[in-house]
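# Structural overview
If you want the building blocks of each chain, they are given just below.
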Amino acid sequence: SYFAEAFPDAGYGVELAMRLATVSGDDENAVKFAEQQLTYSYDTFDLPYALYVLRNHEIRQNRHGQALARYNDFFPELAAAEPLVNRSNVMASVDLVPVLRGLGRSDQADRLAQRTLALLQSIPRGGYFGSRTLKAEMLALTGDKPAALAALNEDIESGWMTYWLD
């Protein structure tokens, strides 16, 4: 909460507090800061992690419908009959698939997964706007374990790392 207190009027401080609470297992504060982060985010690039934190909280409470409603508020194009997946919503797209499956909307989840995988084929892995491990995550969500592990191995071999691997 130091970051949120140090930067009370800035989304960045709240985002840092949310991330710290998440990795330290403080679910109560992670949810609080995620809800607060949604009020600071003016573009879709900042939203997916806050939605991810809140999605996980809703799924743990078996409230998939509420999780879907949040995604629909910020990314309605993803829940459309013909979802529109692009670079600004691809992270949210990956995170929405389990919500749709939890609601019994397997056909809609499969359609979203296929559109997401098609886009991920065209995005470089590295760089600030790179796909990182999204392809491996989406393949795992589709149940293709061998392809997911192969994609993750490719990510690692191409230099993907996060702070927890250091």
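For the structure, see preceding data.
Residues numbered from 1 in each chain as written. Predicted model: local features only at pLDDT ≥ 70, side-chain atom pairs only at ≥ 80, totals over all residues. Heavy atoms only, no water.

## Looking at the overall build of the protein chain
Looking only at helices and strands, the protein chain has nine helices and zero strands in total. Written out in order from the N terminus, the α and β elements of the protein chain read α-α-α-α-α-α-α-α-α. The contacts in the protein chain between residues at least 6 apart in sequence include a share of 47% that link residues at least 24 apart. Taken as a whole, the protein chain presents about 9,100 Å² of accessible surface, with 54% of it coming from carbon and sulfur. (Helix = DSSP H or I, 4+ residues; strand = E, 2+ residues; numbered from the N terminus. Contact = heavy atoms within 4.5 Å. Areas by Shrake-Rupley, 256 points an atom, 1.4 Å probe, with all protein chains shown as cover.)

## A word on unusual backbone geometry
Even without being glycine, N62 reaches a positive phi, approximately 55°. Residue position: N62 is located in the loop between helix 4 (47-60) and helix 5 (64-74).

## Notes on the pattern of salt bridges
Here the structure, examined in full by the defined rule, presents seven salt bridges. Between E35 and R70 there is a salt bridge whose closest N-O contact spans 3.5 Å. Of this pair, E35 sits in helix 3 (residues 27-40) while R70 sits in helix 5, and the two are 35 residues apart along the sequence. With a shortest N-O distance of 2.3 Å, R115 and E82 are connected by a salt bridge. Placement of R115 in helix 7 (residues 106-120) and of E82 in the loop between helix 5 and helix 6 (90-102) is noted, with a sequence separation of 33 residues between them. When salt bridges that share partners are traced, they join E35, E58, R63 and R70 into one network. (Salt bridge = Lys/Arg side-chain N within 4 Å of Asp/Glu carboxyl O.)

## Focus on the side chain of S93
By secondary structure assignment, the location of S93 is in helix 6. In this structure S93 comes out as buried when scored by relative accessible area, which is 0%. Setting aside anything within four residues of it in sequence, one finds S93 in contact with L78, V85, L112, T116 and M138. (Buried < 20%, exposed > 50% of the residue type's maximum accessible area, 1.4 Å probe, protein only.)

## Overview of the side chain of N89
Relative to the helices and strands, N89 is located in the loop between helix 5 and helix 6. When sequence neighbours within four positions are dropped, the list of residues in contact with N89 reads F75, E77, L78 and L84.

## Considering the nonpolar core
Of all hydrophobic cores here, the largest spans 40 residues; its most connected members are F75, L78, L96, L112 and M138. Mapped onto this core, the elements with two or more residues apiece are helix 2 (11-23), helix 3, helix 4, helix 5, helix 6, helix 7, helix 8 (134-141) and helix 9 (145-157). Considering each element in turn, this core owes the most residues, seven residues, to helix 6. Other than its neighbours up to four places away in sequence, M138 contacts S93, V94, V97, A113, T116, L117 and L120. (Core = buried A, V, L, I, M, F, W, Y, C linked by side-chain atoms within 4.5 Å.)

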